[in-house]
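# Structural description and commentary
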Amino acid sequence: MIGAIFGALIGSRLVGALEDPVQLAHAKNTALYIYSNKTVVGGFIGGLLSVELVKKIIHEKNSSGDLFTFPMILGLIIGRIGCFSMGIYEETYGNVTTSFTGMNLGDGLLRHPVALYEIFFLIALWIGLAKVESKLSLVNGAKFKLFMISYMLFRFMLDFIKPHYTFNFGLSTIQITCVLCLLYYAGTILNPKQLIAKKLQPHA
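Being a predicted model, the structure only gives us computed values, none of them experimental.

## So, the overall build of the chain
The helix and strand inventory of the chain stands at nine helices and two strands. If you list the helices and strands of the chain from N to C, you get α-α-α-α-α-β-β-α-α-α-α. Oriented by its inertia axes, the alpha-carbon framework of the chain measures out at about 70 × 40 × 30 Å. Contacts in the chain between residues far apart in sequence, at least 24 positions, make up 62% of those at least 6 positions apart. For the chain, the accessible surface area stands at approximately 12600 Å², while carbon and sulfur atoms represent 68% of it. Of the charged side chains in the chain, 17 are positive and 11 negative, and the gap between their average positions amounts to 9 Å.

## Focus: the pattern of salt bridges
Under the counting rule described, the total for this entry stands at four salt bridges. Here Arg-111 ties to Asp-107 by a salt bridge, and the two come within 2.7 Å at their closest N and O atoms. Owing to a relative accessible area of 13%, Arg-111 belongs among the buried residues under this scheme. Asp-107 sits in the partly exposed class, given a relative accessible area of 31%.

## As for a nonpolar patch on the surface
On the surface, Met-1, Ile-2, Ile-5, Phe-6, Leu-9, Ile-10, Leu-14, Tyr-35, Leu-67 and Phe-68 cluster together into a nonpolar patch covering about 1100 Å² of accessible area. Among the elements of the structure, α1 (2-17) and α5 (66-86) are those that each provide at least two residues to the nonpolar patch. The biggest single contributor to the nonpolar patch is α1, with six residues. Inspection of the secondary structure assignment puts Ile-5 in helix α1.

## Section: unusual backbone geometry
The backbone of His-59 shows a phi angle near 60°, a positive value even though the residue is not glycine. Relative to the assigned elements, His-59 resides in the loop between α4 (40-58) and α5.

What counts, and where the lines are drawn
- Residues numbered from 1 in each chain as written.
- Predicted model: local features only at pLDDT ≥ 70, side-chain atom pairs only at ≥ 80, totals over all residues.
- Heavy atoms only, no water.
- Helix = DSSP H or I, 4+ residues; strand = E, 2+ residues; numbered from the N terminus.
- Contact = heavy atoms within 4.5 Å.
- Areas by Shrake-Rupley, 256 points an atom, 1.4 Å probe, with all protein chains shown as cover.
- Lys, Arg positive; Asp, Glu negative; His and termini not counted.
- Charge placed at Lys NZ, Arg CZ, Asp CG, Glu CD.
- Salt bridge = Lys/Arg side-chain N within 4 Å of Asp/Glu carboxyl O.
- Buried < 20%, exposed > 50% of the residue type's maximum accessible area, 1.4 Å probe, protein only.
- Patch = residues over 30% accessible without salt bridge, like charges linked within 9 Å, V, L, I, M, F, W, Y side chains within 5 Å.

Here is the structure:
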């Protein structure tokens, strides 16, 4: 728990500050700028790496992520409701769009309501994970891995319709972070069968 808390705190601030390298470079108070910016993607990555480090130090091999999967989804949903209520005054709004989903979020322009998109995705993810858990015998930690992989894929795609600093190769800091997380779980993505617990064979 301690590892997760401090890892998430550091990760969320560092990735959040790196979302706009230009502003970071010109910040009058670098430490204050870093602390003032945050993102849940960085929080998840920082918490994950910190927990894995602490587990190695204390020689703990069991996963505890499954216990927090549904509470984290609920927390994200509540948080995105707050983001949506802030409109353009919270940096979680989308690009201007002509889509039927476009909404006036406070500046008179029709924008993608990305906070609502994420809420709908999270509800669907909750239902999907619950169904998988009810039908399959999963190994310890599988539910958390499925959540992380699904959420990082979603956030990678979502950033294409959000205003942000974009590097020369066409990706944002959030998208790069998502890709790094997906690479971390590459073994699971390439071999999803490892998430299913093996049934014990009865003795003859």
